[in-house]
Number of protein chains: 4
Amino acid sequence: MLHFECDYTSGALDVVLKALIDTNSEQTSGYGEDPHCEKARAMIREKCGAADADVHFVVGGTQANTTVIAAALRPFEGVLCADTGHINVHETGAIEATGHKVLGLPNVDGKITAAQVEQAVTAQRSDASHEHIVRPAMVYISHPTELGTLYTKEELVSLSNTCKELGLTLFLDGARLGYGLAAERDIDFALLAKTCDAFTIGGTKVGLLFGEAIVLTNHSLKDCFRYHIKQRGGMLAKGRLLGVQFEALMQDDLYIDESARANGFAQQLKDAFIQSGCKLYVDTVTNQIFPILSAAQLDHLSKDYQFSFMEKIDEKHSAVRFCTSVLTKKEEVEKLLMDIHNSAGN
Amino acid sequence: MLHFECDYTSGALDVVLKALIDTNSEQTSGYGEDPHCEKARAMIREKCGAADADVHFVVGGTQANTTVIAAALRPFEGVLCADTGHINVHETGAIEATGHKVLGLPNVDGKITAAQVEQAVTAQRSDASHEHIVRPAMVYISHPTELGTLYTKEELVSLSNTCKELGLTLFLDGARLGYGLAAERDIDFALLAKTCDAFTIGGTKVGLLFGEAIVLTNHSLKDCFRYHIKQRGGMLAKGRLLGVQFEALMQDDLYIDESARANGFAQQLKDAFIQSGCKLYVDTVTNQIFPILSAAQLDHLSKDYQFSFMEKIDEKHSAVRFCTSVLTKKEEVEKLLMDIHNSAGN
Amino acid sequence: MLHFECDYTSGALDVVLKALIDTNSEQTSGYGEDPHCEKARAMIREKCGAADADVHFVVGGTQANTTVIAAALRPFEGVLCADTGHINVHETGAIEATGHKVLGLPNVDGKITAAQVEQAVTAQRSDASHEHIVRPAMVYISHPTELGTLYTKEELVSLSNTCKELGLTLFLDGARLGYGLAAERDIDFALLAKTCDAFTIGGTKVGLLFGEAIVLTNHSLKDCFRYHIKQRGGMLAKGRLLGVQFEALMQDDLYIDESARANGFAQQLKDAFIQSGCKLYVDTVTNQIFPILSAAQLDHLSKDYQFSFMEKIDEKHSAVRFCTSVLTKKEEVEKLLMDIHNSAGN
Amino acid sequence: MLHFECDYTSGALDVVLKALIDTNSEQTSGYGEDPHCEKARAMIREKCGAADADVHFVVGGTQANTTVIAAALRPFEGVLCADTGHINVHETGAIEATGHKVLGLPNVDGKITAAQVEQAVTAQRSDASHEHIVRPAMVYISHPTELGTLYTKEELVSLSNTCKELGLTLFLDGARLGYGLAAERDIDFALLAKTCDAFTIGGTKVGLLFGEAIVLTNHSLKDCFRYHIKQRGGMLAKGRLLGVQFEALMQDDLYIDESARANGFAQQLKDAFIQSGCKLYVDTVTNQIFPILSAAQLDHLSKDYQFSFMEKIDEKHSAVRFCTSVLTKKEEVEKLLMDIHNSAGN
């Protein structure tokens, strides 16, 4: 059985694993106050061209999301996001457990627009009963989105400007950031640092055993952030493990280059599905692809492959998701390409 | 200026005020453990034909809603309701502040259906990632709804059966219950006690200075409920004030009869608006009516009347809301009827 | 049975009740945005000599406490108070339900000192693991305390200075404020406004049916405070009821004068207990007194009087509490004085 | 600089690291639903002699504590623990952030007794105002405690019986469990499974990169526990990393044997300190020791060693903590022993 159901089915990139092995017997202070974390933070600040940014590491995405959101919002404030957004559908209510409402907006291909944000904020603020309505105070987007799609530079800048004008915090969830940056080169770390108040650099889905970097560029978010991390369960005792891994991942262009390779695999698979007669649920250029399979194809491919079910389209067709990752092997892709080809006409 | 913008612009029914005056110098224990509360509880149990029901009194609706919901749900569970539902839009995130997600479903005239509930629950439970998705465990409806509409007996029974089958708690918010029961006589207290696990009997909008009764029929909700009330800020020190008022309000058929009178006033107003050429935003038979006014009518009526703005329909028309209540006076209605008539053709 | 177990066993002062009756048929906007609330706010601001203070009204003390504390603190911050403090022992965890730790300090007669505050704050801030420890960011005191005792002006000023130096919010819970101000005249509204960032003026225990005024003098607490009130369940629909009552209570020196009378009754009772041979659990000059009764006295007085049990002192003695209030009648006190006298020697 | 300030200054045991390397390129499902987690769970159940126990893995202790506590308690319930308990002082209010009060009891050497629990529960339940007081519903202990001390079998059984009688959940935090089990052999996994409703088996401080196992023996805690883990941020995407590590750690008697070695090192250090003239802050037989150093010793040892400051004892003496761990090397201990010897008489 080959796994294409998500982007975290394997361990770590060799270079990351090697770094953990090489540093295993070092002795350092805990909780992220060690030379490896310092070094990794400096590397990220440099990539971002943001010497003033604060960088923190946490183990996983739920911790990153709850910590940033809880740190940014007052109790009666909520966070706007696509109704398909990760925090709205796949965090088991972790955001609400911090006391904050997630305010879903209708998505198009997983994305929301500056105009939607402005409309929502204006509606709340101009309502005679505004004090009875949760106050939108943050915009959460992910890049790539849950549907593997990407914001354009123009869309991102527009969201950023709208947030600044309205006094909202813009938070970009980059759980799969590598795949996004590799696929659309006019968005880079520096642009994220300029446009977002906070964003994350995903490690777990991009070749680390685990780990997400939180980059805070808005000064008002920085004070006492480590208290928030500790309270929300995100502070790792052997914190250097995060630093060691990010040190390895942030070397040169590794993060982007490895992601580009994974994107390439995914696009090969997408093309093969199209050639085999499939339509797409949504068209993407990143590591997630969403073909609509016939019942026969679904059966055929289910024998040897794990992939995710999205939605039943009609009696005979289902939308599914295949993911590649930086750990996907060429031979796995080749085998699947062959089997997609063989499933054609089914 | 006459107030029709909501149903709590005046004080209390005379009979209620008199009861407060008559009992003012009595000495009793606090926190709802007094003879008046006991008596009022007994009266409500009898009206409900539910000798086993627990009845509690709280000052306001936010307290009633947060207390029942927080008492019923485990941390990862959420509450299904109409996207227009009060807890979804007009509680400033009070439900989320207890840690729970409100799961909005598309409404039709402010209502949701058993089929929608079943679909939502099935979708979550059958999802491969169900543990990452908030678990629907309660259905919240209001009767009348925020749009003044009513569930039919059949709809209510159907929701109740679906909840029982799926193991969900059915909670009916009766902030305006009197107006609902008066308008649709095949739903009564006894039916609510049979179909709902918990429901409230609104006092604030139906002639009390303040006060909501919470009726718990599901045994599993009863244990330690007073701790929940205290923790959520709903326990009144001079608790007997709630008992005294409900004692007065629950006498004979006062609650229904007074509500019927208010409904009658509202229907007179609705008919007048229709005769003046207005369409309706939503058609109702309770104490809230929703005419669509021309800009000229809006201007004309705004001079002497307070009412609520709902939505701009087009450049020249706006949907608004007029409310009557058990405290609305005949002469106020007659004055408004006259002015609606005069506004016709504008 | 006469009730001396607490200060909320009766209804309202006549003048307060009359104000409610007189305004019952007025029509006003809801949620505290009405002329009576405006007037009452202005009266309080004037008494405080604080034209810039924000004044809000809520129904009860739990709402006042949770709202102020949740509005003032960031998630990882906690509130210092006496270990006997109301929020630490008698709110059913309502503060913790807003996510904040209550940090109890050892009390002396229900009070804490500036030195204790400074020590606690310094200990946390200088700890190598300070990020793992809740950050003290507020001091909560009550005046009178749960034990009926009072801060001196010097103690209050000292606490205030320490809080200002350390950047802590000073919040004074005045649930029984009238009794405090009446008993110790060198603390008045103006001094509270100068020394505290926020304080409450208790109504429920001082002659209102219900109601607490929250006075915010620290500018940083004011923004969006009404959202907090709504979210925590403290916003009354017929909000003017609070304004109407406080308008009546704040007239001239009524609040202090009525409280003084109640204090006088309590002191008569205290003296009678002392003359009957009782020692005191704690000596007070306000409306709560704490005699230590012999088992025989306890039995004797329990027949006709309700009062509160504090603690078993030894096999033969128990500390109890008797409360008077502004609604206590002279004849009730005289009857009790007689019975205390008769219980002497038991 | 050698690190003895805590038990997580290094990476992982070789056998654990090797297991991660060996499985790095395997493909498995995520979130702990993989063969390695299954195997590790089975190994733990077998060691516990508890075929029915549920075993879950989370990354860290804060997640373990918040998840178990939030899963077990109703909103108004609190958790009793030593005032020195980890959840009371070193979780940055993470427990309160789930809405629950931590109820500290005076400790003796970091421990609490069954009698204290009974007294606290009885006091709350018998109080006339019990509904205003947080209801104790869980007892949290750690073994070893924050002070390195151990419960005896008799003490543990007594706590367990008291909890069962009173209907409380007994939760044992085993962040350093290996060191405890190795030092006091009449408490073993099986006894924990019999006496506790839930307990954790610490990995982070006992040779894993990270990871805590949660063992649930009380059936009522098991339902939907994975939802709680996800909501509280404890569900690791590449969940098998936890399974792989615990598989390695639970082999044969590795967990106990390695811990015993670390305890031995600590005891050598303790004896050396005693011989050098030091008194002990608290006497322990586990991997944490607490000598009281003279100012000269403190200075001398601070040059080459990191250790923790506990408390200033007097002008010339300070209590400190030295920790060993399963990763401490013999030569590190020997160097420190020499330096302790050399510091004698200072």
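Residues numbered from 1 in each chain as written. Chains lettered and ligands numbered in written order. Predicted model: local features only at pLDDT ≥ 70, side-chain atom pairs only at ≥ 80, totals over all residues. Heavy atoms only, no water.

Here we take up the interface of chain A and chain D. Residue-level contacts link 47 residues of chain A with 46 residues of chain D. Carbon and sulfur atoms supply 51% of the area that chain A and chain D bury against each other, a total of about 4,000 Å² over both sides. At the boundary of chain A and chain D, one finds two salt bridges. Note that Glu 91 of chain D and Lys 230 of chain A form a salt bridge whose closest N and O atoms lie 3.3 Å from each other. Counting the contacts that link chain A with chain D gives 28 residue pairs in polar contact (both at pLDDT 80 or more). (Contact = heavy atoms within 4.5 Å. Buried area = accessible area lost by both parts, 1.4 Å probe. Salt bridge = Lys/Arg side-chain N within 4 Å of Asp/Glu carboxyl O. Polar contact = N/O pair within 3.5 Å; in protein donor to acceptor, adjacent residues only side chain to side chain.)

Turning next to the confidence of the model for chain A. Summarising the model, chain A shows a mean pLDDT of 97, and 99% of its residues fall at 70 or more. Scored as a whole, the predicted complex attains pTM 0.97, and scored at its interfaces, ipTM 0.96. (pLDDT = per-residue confidence, 0-100.)

Residues and elements named next belong to chain A. In spatial order, the strands read β9-β10-β13-β12; together these four strands make up an open sheet with antiparallel pairing. Either end of the sheet is taken by a strand with one partner, and the two such strands are β9 (279–282) and β12 (308–314). Across this sheet, the average inter-strand angle for adjacent strands is 35°, counted without regard to direction. In this structure, β9 lies alongside strand β10 (residues 288–294), joined through three bridges in antiparallel fashion. Directly across from Val 282, in β10, lies its bridge partner Phe 290. The strands that helix α12 (residues 295–302) touches are β10 and β13 (317–323); relative to β10, the one it contacts most, it runs at about 120°. (Pairing = 2+ DSSP bridges. Helix = DSSP H or I, 4+ residues; strand = E, 2+ residues; numbered from the N terminus. Axes fitted to C-alpha atoms, helices over the stretch in contact; angles between N-to-C directions.)

Each copy of the sequence occupies a distinct position, and chain B is placed on chain D by a rotation of 180° and an axial shift of 0.0 Å, giving an RMSD of 0.0 Å. In short, the pair behaves as if placed about a two-fold rotation axis. No C-alpha of chain B approaches the rotation axis more nearly than that of Arg 74 of chain B, which lies at 4.1 Å. (Least-squares fit on C-alpha atoms with pLDDT ≥ 70 in both.)

Let's shift gears to the interface of chain B and chain D. Taken together, the 22 residues of chain B in the interface contact 22 residues of chain D. Summing both partners gives a buried area of about 1,900 Å² for chain B against chain D, and 56% of it is carried by carbon and sulfur. The interface formed by chain B and chain D holds four salt bridges in total. One salt bridge connects Arg 74 of chain B with Asp 223 of chain D, and the closest N-O pair in it is separated by 2.8 Å. Inspection of the chain B/chain D interface yields 10 residue pairs in polar contact (both at pLDDT 80 or more). For the side of chain B that touches chain D, the per-class residue count stands at eight nonpolar, six polar and eight charged. (Nonpolar A, V, L, I, M, F, W, Y, C, P; charged D, E, K, R; others polar.)

Below, the discussion takes up the environment of Tyr 227 of chain D. Examined against the element boundaries, Tyr 227 of chain D turns out to sit in helix α9 (residues 225–231). In this structure, the C-alpha to C-alpha distance between Tyr 227 of chain D and Thr 23 of chain D, residues 204 residues apart in sequence, is 27 Å. Setting aside residues no more than four positions away along its own chain, Tyr 227 of chain D makes contact with Thr 92 of chain A together with Phe 76, Gln 124, His 130, Glu 131, Ile 133 and Arg 135 of chain B. A distance of 3.2 Å separates polar atoms of two side chains, one belonging to Tyr 227 of chain D and the other to Gln 124 of chain B.

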